[in-house]
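Observations on chain architecture
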2 protein chains.
Amino acid sequence: VSRASRGFPEAEYRDRVSRAQTLMAEHELAALFLTTEPEIRYFTGFLTRFWESPTRPWFLVVPASGDPVAVIPSIGSHLMGQGWIRDIRTWTSPDYDDDGIGLLAATLTELVPPDGAIGVPNGPETHLRLPLADWVRLQAEIGARRMSGDALILQRLRLVKSGREIEKIRTACSIADRAFSRVPEIAGPGEPLERVFRRFQALCLEEGADWVSYLAGGAGQGGYGDVISPATDRPLVAGDVLMLDTGLVWDGYFCDFDRNFALSPIDTRVAAAHSRLIDAASAGFAAARPGATAAGLYHAMAGELGDTAGGGRFGHGFGMQLTEWPSLIPEDDSFLEPGMVLTLEPGIDVGDGKILVHEENVVITETAAEYLSTPAPRQMPSLGECE
Amino acid sequence: VSRASRGFPEAEYRDRVSRAQTLMAEHELAALFLTTEPEIRYFTGFLTRFWESPTRPWFLVVPASGDPVAVIPSIGSHLMGQGWIRDIRTWTSPDYDDDGIGLLAATLTELVPPDGAIGVPNGPETHLRLPLADWVRLQAEIGARRMSGDALILQRLRLVKSGREIEKIRTACSIADRAFSRVPEIAGPGEPLERVFRRFQALCLEEGADWVSYLAGGAGQGGYGDVISPATDRPLVAGDVLMLDTGLVWDGYFCDFDRNFALSPIDTRVAAAHSRLIDAASAGFAAARPGATAAGLYHAMAGELGDTAGGGRFGHGFGMQLTEWPSLIPEDDSFLEPGMVLTLEPGIDVGDGKILVHEENVVITETAAEYLSTPAPRQMPSLGECE
């Protein structure tokens, strides 16, 4: 099993900071102020599942020049110190009087001129990970410095993945490929869906996932009602379609794709719908190249499905997160560039309020697209004979 | 294997809403406005891993009287519709012109009087899950209605768990108990830590976890440097202490405890430090009863450790999240009440920048505390002979 190597060389982080600082200069931002896991990890490499705990805030300041400054709870200093960031300022959190805001305000006051603008990600798919009362307090403690949007700098940087990032995503996808190929070992008639979900996650781990951040899916006669539900204890029965959609993680990078399986005998209309979905994803793949738009990929896929198109957007970016910009919807006119990593995720209405979805992962190359997942066959794999 | 049943009866949600509305009346709040996973799930039962995707915002409005109103992306309407919430208002997200803010503002305008105050969680351990630009836009679209804090109403409600919540947490803890008892099957000299992490997660799933949201730990000679790191590929060697700390989930509720294991021969000072940690946790347990304070539990544990106490706070609440209020620190004077669920998590400095930690899970009863995890023995279990 070939694998990317873990981590990034310091040069990769310095390149990210340098590109950010170029954009900051264009937009007259004296600093970026970051609070969420992917934003902070993007510049520091700080990788931990400890973000699952909402207790403590974490801060990173990227100044107009020079290296980023981490302002973090002391519980994180050992791990942060193992990366390339040298200026790590800590406080003992939780602190009910001042949970890092004083230290953060002092840092911003030091790094940002008195009339400077501080860019905070405020656009689509972002949020501020900080108690609202502390956000108000912070603004009161930084004098005339202004908090403004980040001019989508984080989005623009993260939209295009580096070669090393792509290799990590490719590794994650290949792990999921292998796990999906083993679904016949764990799913068949009589198996409760919740047990299938559990055992599928174990397969992902066995095949090399660091952890499995996302698994959703569905099972039902002739399709499923949605694609975001957790499992029930309903046993699989003949005639069901089983769909598993996973976002597993390797070294901090996701895959995000699904597979459908048929419990024989499968309705011929459902089998035909699955083939149409595969054709739609293939049409999206054929259209995917630098200069095409996100909307163009949507239309390429929707064109194969006609008025049966359904199930939401037809794909999206991903990488450090399960889903990222752009969205493959008619309203997204983002141009594709080499290094963008996307899901192609057409959906089809199969009647009675049910849908089928299908999803592949691709990377945009200099001239075309390349699959990161191993494309699924037109004919839905059958689990019927296997148990 | 005995288990709690999945879900809650509608009466449990109605009780939560009723208690919220009583507190809202005391604080003259005309509505609560909620945006995060645990806040929305607490009142609706909406359980999905789809929150892993940052793309779409989700909103819940709890009015001063009457049932909550969900304002959510249409991709969630099928799942939300299977719960008890009847008023579900949806839009197709992502929408680059208006990602639900117009619909949300109309809902708030309908449910809140023109001069009413809307409570938004803004205190410790909270954040607003909504792009900052949309937050600004929302406030401009609701007229003279004021956004204010939630008077810690969410915190006050969630601090005390219901009997059904405790049974779910007990189920999660018993799954982790069984997984920890099987660590000798997967860890021993020569085994890389990252493989131990993977296989431990698989054990958690095999023993019944729905998913494993958190696993951290460490391994090293005589202790470990921190407790939040992901695994490296370093193989375990004789003399290591291995610590695994998991937050696995059953029906939306966490456990959160760790276990230490010795790879023989273990340093006698490390063995003694482990025994002192167990004694510290026992002292915390003995002190835990209604009327004691969070700080009191800290001091009971710290008293056993003297000047070797280390590693951060000595425990915290948990339940729907891996960590919740209160914190077992000297500054937290929260009184314990029956139904509160806590970790007891003393840490000890063992020199050379290394620490040991130990963690148990308990629930406060009418008169004392009860273990939810099976307490660890004073003598660290040895893995040396097992492979």
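This is a predicted model, so every value here is computed, not measured.

Before going further, it helps to examine the packing of helix α4 (residues 101–111) of chain A against helix α5 (residues 132–140) of chain A. Residues and elements named next belong to chain A. For the pair α4 and α5, interaxial distance at closest approach is 10 Å and the crossing angle is 40 degrees. The two elements α4 and α5 cross, and the hand of that crossing is right-handed. Of the residues in α5, those touching α4 at Ile101, Leu104, Ala105 and Leu108 are Asp134, Arg137 and Leu138.

Residue and element names in this part refer to chain A. A cis geometry characterises the amide bond from Ser264 onward to Pro265, with omega recorded as -5 degrees. Within the secondary structure, Pro265 sits in the loop between β10 (257–262) and α9 (268–287). Although it is not a glycine, Asp352 adopts a positive phi angle of roughly 55 degrees. Counting through the fold element by element, Asp352 comes out in the loop between β14 (347–351) and β15 (354–357).

Moving on, we come to the sheet that holds strand β2 (residues 59–63) of chain A. Residue and element names in this part refer to chain A. Read across the open sheet, the 6 strands follow the order β4-β3-β2-β1-β5-β6; overall the sheet is mixed. Each edge of the open sheet carries a strand with a single partner, namely β4 (88–91) and β6 (146–149). Taking each pair of neighbouring strands and ignoring which way they run, the sheet shows an average axis angle of 25 degrees. Its contacts with the sheet place helix α2 (residues 37–44) against β1 (31–34) and β2, and it is angled at close to 50 degrees to β2.

A few words on the sheet that holds strand β2 (residues 59–63) of chain B. Residue and element names in this part refer to chain B. If you trace the 6 strands from one edge of the open sheet to the other, you get β4-β3-β2-β1-β5-β6, paired in mixed fashion. For this open sheet the edge positions go to β4 (88–91) and β6 (146–149), each flanked by a neighbour on one side alone. Neighbour-to-neighbour, the strand axes of the sheet open up by a mean angle of 25 degrees, direction not taken into account. Examined bridge by bridge, β2 and strand β3 (residues 69–73) share 3 bridges and lie antiparallel to one another. Residue pairing for β3: Leu60 is matched across the bridge by Ala70. Packed on one face of the sheet, helix α4 (residues 101–111) meets β1 (31–34), β2, β3, β4, β5 (117–120) and β6 and runs near 5 degrees to β2.

Taken together, the 63 residues of chain A in the interface contact 63 residues of chain B. Between chain A and chain B the total buried area reaches about 5,300 Å² when both faces are included, carbon and sulfur atoms providing 56% of it. By the criterion of area lost to chain B, the three top residues of chain A are A:Arg49, A:Arg198 and A:Ile228, representing 14% of everything that side buries. Taken together, chain A and chain B are joined by 4 salt bridges. A salt bridge links B:Arg198 to A:Asp210, with the shortest nitrogen-to-oxygen separation between them at 3.3 Å. Viewed at the interface, chain B and chain A are joined by 32 residue pairs in polar contact (both at pLDDT 80 or more).

A word on the relation of the copies chain A and chain B. Take chain A, turn it by 180 degrees, move it 0.0 Å along the axis, and it overlays chain B with an RMSD of 0.0 Å. What the rotation and shift describe, once combined, is the action of a two-fold rotation axis. Considering only C-alpha atoms, the residue of chain A closest to the rotation axis is A:Ala202, which sits at 2.4 Å. Comparing interface residues between copies, 100% of those in chain A also lie at the interface in chain B; the contact surface is shared.

This part covers the confidence of the model for chain A. Per-residue pLDDT for chain A has a mean of 96; in total, 98% of the residues score no lower than 70. Here the predicted complex scores 0.97 on pTM and 0.97 on ipTM.

This part takes up the packing of aromatic side chains. On inspection of all chains with the given rule, the structure shows 30 aromatic pairs over all chains. When the ring of A:Tyr13 is compared with that of A:Trp84, the centres are 6.3 Å apart and the planes differ by 5 degrees; the resulting orientation is stacked. You can see A:Tyr13 sitting in helix α1 (residues 10–26) and its partner A:Trp84 sitting in the loop between α3 (77–80) and β4, a full 71 residues away along the chain. For the pair formed by A:Tyr13 and A:Trp84, the shared burial category is buried. On the numbers, 3.9 Å between centres and 5 degrees between planes, the contact of A:Phe285 with A:Tyr371 is stacked. With A:Phe285 in helix α9 and A:Tyr371 in strand β17 (residues 369–371), this pair connects stretches of sequence that are 86 residues apart. Residue classification places A:Tyr371 among the partly exposed residues on the basis of a relative accessible area of 22%. Cluster of aromatic residues (ring-pair linked, three or more members): A:Phe46, A:Phe50, A:Trp51, A:Trp58 and B:Tyr214. Geometry around A:Tyr42 places A:Arg16 over its ring, the cationic atom sitting 4.4 Å from the centre. B:Arg16 extends its terminal NZ or CZ atom over the ring of B:Phe8, reaching a point 4.6 Å from the ring centre.

Another aspect to go through is the environment of A:Pro38. With respect to the helices, strands and loops of the structure, A:Pro38 is situated in helix α2. Among the residues examined, A:Pro38 registers a relative accessible area of 8% and is labelled buried.

This part takes up the pairing of β2(B). Residues and elements named next belong to chain B. Extensive coverage of β2 is indicated by the burial of 5 of its 5 residues. Neither face of β2 is open: one carries Phe59, Val61 and Pro63, the other Leu60 and Val62, and all of them are buried. Pairing between β1 and β2: 4 bridges, direction antiparallel. Looking at β2, one finds that Leu34 is bridged to Leu60. Two successive antiparallel strands, β2 and β3, enclose a turn made up of 5 residues, where Gly66 displays a positive phi of approximately 90 degrees.

Residues and elements named next belong to chain B. An ideal rise of 1.5 Å per residue puts 28 Å on 20 residues; helix α9 (residues 268–287) measures up with 29 Å between its terminal C-alpha atoms. Those residues of α9 that fall on the buried side of the exposure criterion are Val270, Ala273, His274, Ser275, Leu277, Ile278, Ala280, Ala281, Ala283 and Gly284. Measuring from the backbone nitrogen of Arg269 back to the side-chain oxygen at the start of α9 gives 2.7 Å, which picks out Asp267 as the cap.

Bringing the packing of helix α8 (residues 193–206) of chain A against helix α8 (residues 193–206) of chain B into the picture now. Direction vectors running N to C along α8(A) and α8(B) enclose 170 degrees, while the axes themselves pass 9 Å from each other. Judged on the interaxial angle alone, α8(B) and α8(A) are roughly antiparallel. Within the contact between the two elements, α8(A) uses A:Arg198, A:Gln201, A:Ala202 and A:Leu205 and α8(B) uses B:Arg198, B:Gln201, B:Ala202 and B:Leu205. A per-class count over the contact of α8(A) with α8(B) returns 4 nonpolar, 2 polar and 2 charged.

This model, assessed by the stated rule, comprises 61 salt bridges over all chains. Here A:Arg259 makes a salt bridge to A:Glu360, at a shortest N to O gap of 2.9 Å. Here A:Glu360 lies in strand β16 (residues 360–364) and A:Arg259 lies in strand β10, a separation of 101 residues in the sequence. B:Arg170 is the salt-bridge partner of B:Glu370, the closest N and O atoms lying 2.8 Å from each other. Here the residue B:Glu370 occupies a position in strand β17 (residues 369–371), and B:Arg170 occupies one in helix α7 (residues 163–181), the gap between them amounting to 200 residues. A residue is classified by how much of its surface remains accessible, and B:Glu370, at 31% relative accessible area, is partly exposed. Residue B:Arg170 is classed as partly exposed on the basis of its relative accessible area of 26%. The network of salt bridges with common partners includes A:Arg6, A:Lys168, A:Asp210, A:Asp251, B:Glu194 and B:Arg198.

Each value, and the rule that gives it
- Residues numbered from 1 in each chain as written.
- Chains lettered and ligands numbered in written order.
- Predicted model: local features only at pLDDT ≥ 70, side-chain atom pairs only at ≥ 80, totals over all residues.
- Heavy atoms only, no water.
- Axes fitted to C-alpha atoms, helices over the stretch in contact; angles between N-to-C directions.
- Helix = DSSP H or I, 4+ residues; strand = E, 2+ residues; numbered from the N terminus.
- Left-handed = near helix turned anticlockwise from the far one by under 90°.
- Contact = heavy atoms within 4.5 Å.
- Pairing = 2+ DSSP bridges.
- Buried area = accessible area lost by both parts, 1.4 Å probe.
- Salt bridge = Lys/Arg side-chain N within 4 Å of Asp/Glu carboxyl O.
- Polar contact = N/O pair within 3.5 Å; in protein donor to acceptor, adjacent residues only side chain to side chain.
- Least-squares fit on C-alpha atoms with pLDDT ≥ 70 in both.
- pLDDT = per-residue confidence, 0-100.
- Phe/Tyr/Trp six-rings, centres within 6.5 Å; stacked < 30°, edge-to-face > 60°.
- Buried < 20%, exposed > 50% of the residue type's maximum accessible area, 1.4 Å probe, protein only.
- Lys NZ or Arg CZ within 6 Å of the ring centre and 35° of its normal.
- Expected span 1.5 Å × (residues − 1).
- Parallel < 35°, antiparallel > 145°, perpendicular 65-115°, else oblique.
- Nonpolar A, V, L, I, M, F, W, Y, C, P; charged D, E, K, R; others polar.

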